[in-house]
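# Remarks on the overall topology
Listed below, chain by chain, are the residues.
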Amino acid sequence: MVQTDAAREANLDGLVGPTHNYAGLSEGNLASERHARGISRPRAAALQGLRKARLLMELGLPQGLLPPLQRPDLAGLRALGFSGSDSAVVEAAWRSSPALLARYMSASSMWTANAATVVPSSESLDGRLHLVVANLVAKPHRAIEADQTFEALSRLFADPNHFAVHRALPHHATLGDEGAANHTRLAGEHGAPGLHLFVYGTDEHGGPTPRRFAARQTRLASESVARLGALEPARALFAQQHPAAIDAGVFHNDVICVGNGRLLFHHEQAFVDTAAVHRAVAAQLPGAQFEVVPAGEVSLAAAVQSYLFNAQLLTLPTGATMLLAPEECREEPAVRRYLEGMVARGLLDEVRYLDLRESMRNGGGPACLRLRVVMTAAERAATAPGLWLTPERCDALEGWVSRHHREALSPEDLRDPLLLQESFAALDALTVLLGLGGGFYPFQRG
Ligand code: SUG
């Protein structure tokens, strides 16, 4: 499958902000729970992310970046009644509860697969590219991302002739939406009209539900996102994630399934009704391929631990297929064996392993760190230029990280007034570096 120049898939990676830390905020995300209150390394985290983005750029794929959101979220803390100077607000929040402050300090916007769901212009009813911001209501530290994400995407995709950026669904438990992490687009060619598989964890009208951990995505939310994003109704498929998977730590579908082109690659225990998913996909996508990993070869636990499915399945400009997997997949013998088998069978041309350990410790693998946006050349040209990575910009960003991000951050450091100053200084410098224009961040607007 050689991609046409008309429409190509861009990956927009989340730049890791200076407050990257391990606060154990995501129950049901085993890595986040396991590493709670550990020491994080913000500089290494940001450089690991940039290394991945640079690799894709060097492979000839359109590669962009989404800037981190402002942290601390002072408006969010002030809305809870904390007052006084910025540093007084932070200190008072810490005294009230360190865990509360941690929510407003989290660098979780790095996982841009949760920023929005994307409907490319080739499948939308009005011929524009739609981005529906995710409300992330399941977790308080993530729910506060929605408004700033909307503002950022509205600036980066500002041209109304090409783009429509939608606000997140209402913040209500029946409408939990986690964005592209629960959405997979399949298509014969990236430029050809595709098929959209929305995977939800719970349906208020029935069906099984997980027992140990709460499902984050509802069926109503998935359906509403498809409507808001003006997706041609015939191109939408809805399927329920297996509750046993959620209970085993699969808090998003992209922890157990990844698709690209005509290939859907997933674990045996990904869906409640696998046969129905395959039938529906095959009916709409001639030549659809399914690679189902049996639990007997890779257990659910090994899939979650290694993040096998949270890989980037990429079609390179040469037409070759590459899987970009976390280093943890190389270290897990069953997973590595499985991937080597896929190469031997000609399903993949190459597997590359990357060290993304800082993000992985919070449950964020390669696929979490990027938002896939299939775009035509005209659409790419209509975005804000600050969106795109170039070799020069990547060098400059590495310098920016080395200047602004701390080597290490402990949970107690979150109350440090200097961290607040450093964070805002970093974001100020970033807006200049990326040419994002004045007032990009709330603190810059006074
Ligand atoms: O929402 N972790 C994120 C990881 C998101 C992964 N994204 C995808 N699978 N697409 C989450 O659970 C942990 C933060 C902390 O514990 O400090 C966190 O938010």
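Above this text is the structure in question.
## Considerations on the site of the ligand
Taken together, 21 residues surround the ligand, and among them Leu 25, Ser 26, His 141, Asp 254 and Cys 368 come closest. Within the side chain of Ser 32, an N or O atom sits 2.8 Å from an oxygen atom of the ligand. The fraction of the free accessible surface of the ligand (490 Å²) that becomes covered by protein chains is 100%. For the shell around the ligand, the class distribution of residues is eight nonpolar, 10 polar and three charged.

## Describing the environment of Leu 308
Mapped onto the secondary structure, Leu 308 falls in the loop between helix H11 (300–306) and strand E12 (312–315). Spatially, the C-alpha atom of Leu 308 lies 6.6 Å from that of Ala 325, the residues being 17 residues apart in sequence. Every residue in contact with Leu 308, bar those within four places of it in the chain, is listed here: Phe 265, Val 298, Ala 303, Cys 329, Val 335 and Leu 339.

## Quick notes on helix H10 (residues 274–284)
Residues of H10 that are buried include every one of Thr 274, Val 277, His 278 and Val 281, and no others. All buried residues of H10 lie within an arc of 95° about the axis, which places them on one face of the element. Exposed residues pointing more than 90 degrees away from the buried face of H10 are listed as Arg 279 and Ala 283. Against the buried residues of H10 lie strand E6 (183–186), strand E7 (195–200), strand E8 (236–240), strand E10 (263–267) and strand E11 (289–293).

Cut-offs and rules
Residues numbered from 1 in each chain as written. Predicted model: local features only at pLDDT ≥ 70, side-chain atom pairs only at ≥ 80, totals over all residues. Heavy atoms only, no water. Near = heavy atom within 4 Å. Polar contact = N/O pair within 3.5 Å; in protein donor to acceptor, adjacent residues only side chain to side chain. Areas by Shrake-Rupley, 256 points an atom, 1.4 Å probe, with all protein chains shown as cover. Nonpolar A, V, L, I, M, F, W, Y, C, P; charged D, E, K, R; others polar. Helix = DSSP H or I, 4+ residues; strand = E, 2+ residues; numbered from the N terminus. Contact = heavy atoms within 4.5 Å. Buried < 20%, exposed > 50% of the residue type's maximum accessible area, 1.4 Å probe, protein only. Arc of directions from axis to C-beta.

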